[in-house]
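Survey of secondary and tertiary structure
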Amino acid sequence: MKKQVYTIKIAASRKKVWEVLWNNDTYVQWSAVFSEGSRAESNWEEGDKIFFLGKDDDGIVSKIARKIPYEYMSFQHLGEVHKGKEVIGKEESEWCGAHENYSLEPVNGETLLKVDMDITEDYVDYFDKTWPLAMEKIKELSEAD
């Protein structure tokens, strides 16, 4: 695993950026950059599971490791979802144990969004290309009236 960090400054409050990140309507818009039809299924409570799924119901199963509203969200990936079935454990999934963290920091009236995540070597190039596009979409949605 390699830790990658992606950042962008957004001319909006932390509350607005947070809502764009985790509101179902806007989540599907910015996460479509990674896979059309992406969605998150969760009750969004710390300690509970969250499913990051594509249109075919395959994806990643994680837990919300830490949640500080409008400041920080951390996901710990537990495994994968194949054909709607959870596949959990290090032997079954190379993503098991990886973290994906979202930090929102106020900077001179704007919000600095920082995403740091553990990425398997096979996906570094993919995320290095797609995260900047996702960040731009988050910025666009957050700065819209």
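See above for the structure.
Residues numbered from 1 in each chain as written. Predicted model: local features only at pLDDT ≥ 70, side-chain atom pairs only at ≥ 80, totals over all residues. Heavy atoms only, no water.

**Side note on the packing of helix 1 (residues 14-22) against helix 3 (residues 124-143)**
The interhelical angle for the contact between helix 1 and helix 3, taken along N-to-C directions, is 120°, at an axis separation of 9 Å. As summarised for this structure, helix 1 and helix 3 are arranged oblique, according to the angle between their axes. Between helix 1 and helix 3 lies a crossing whose hand is right-handed. Residues Lys16, Val17, Val20 and Leu21 of helix 1 form the contact with helix 3, whose own contacting residues are Ile138, Leu141 and Ser142. Partitioning the contact of helix 1 with helix 3 into residue classes produces 5 nonpolar, 1 polar and 1 charged. (Axes fitted to C-alpha atoms, helices over the stretch in contact; angles between N-to-C directions. Helix = DSSP H or I, 4+ residues; strand = E, 2+ residues; numbered from the N terminus. Parallel < 35°, antiparallel > 145°, perpendicular 65-115°, else oblique. Left-handed = near helix turned anticlockwise from the far one by under 90°. Contact = heavy atoms within 4.5 Å. Nonpolar A, V, L, I, M, F, W, Y, C, P; charged D, E, K, R; others polar.)

**Thoughts on the pattern of salt bridges**
Per the counting criterion, the structure on display carries 9 salt bridges. Ionic pairing is found between Asp57 and Arg39, a salt bridge with its closest N-O pair at 2.4 Å. Linking Asp57 in the loop between strand 3 (49-53) and strand 4 (59-68) with Arg39 in strand 2 (residues 39-42), this pair joins segments that are 18 residues apart in sequence. Between Glu143 and Lys139 there is a salt bridge, with the nearest N and O atoms lying 2.9 Å from each other. A residue pair is termed a helical-turn pair when its members lie 3 or 4 positions apart in one helix, as Glu143 and Lys139 do in helix 3 at 4 residues. (Salt bridge = Lys/Arg side-chain N within 4 Å of Asp/Glu carboxyl O.)

**Quick word on the side chain of Thr130**
Inspection of the secondary structure puts Thr130 in helix 3. Among all residues touching Thr130, those that are not within four sequence positions of it are Val33 and Phe34.

**With respect to unusual backbone geometry**
Located in the positive-phi region is Asp57, a residue other than glycine, with phi close to 70°. The class of Asp57 is partly exposed, set by a relative accessible area of 33%. Positive phi is not limited to glycine here, since Asn108 has a value of about 50°. Note on placement: Asn108 falls in the loop between strand 7 (99-107) and strand 8 (110-119). Residue classification places Asn108 among the exposed positions, given a relative accessible area of 75%. (Buried < 20%, exposed > 50% of the residue type's maximum accessible area, 1.4 Å probe, protein only.)

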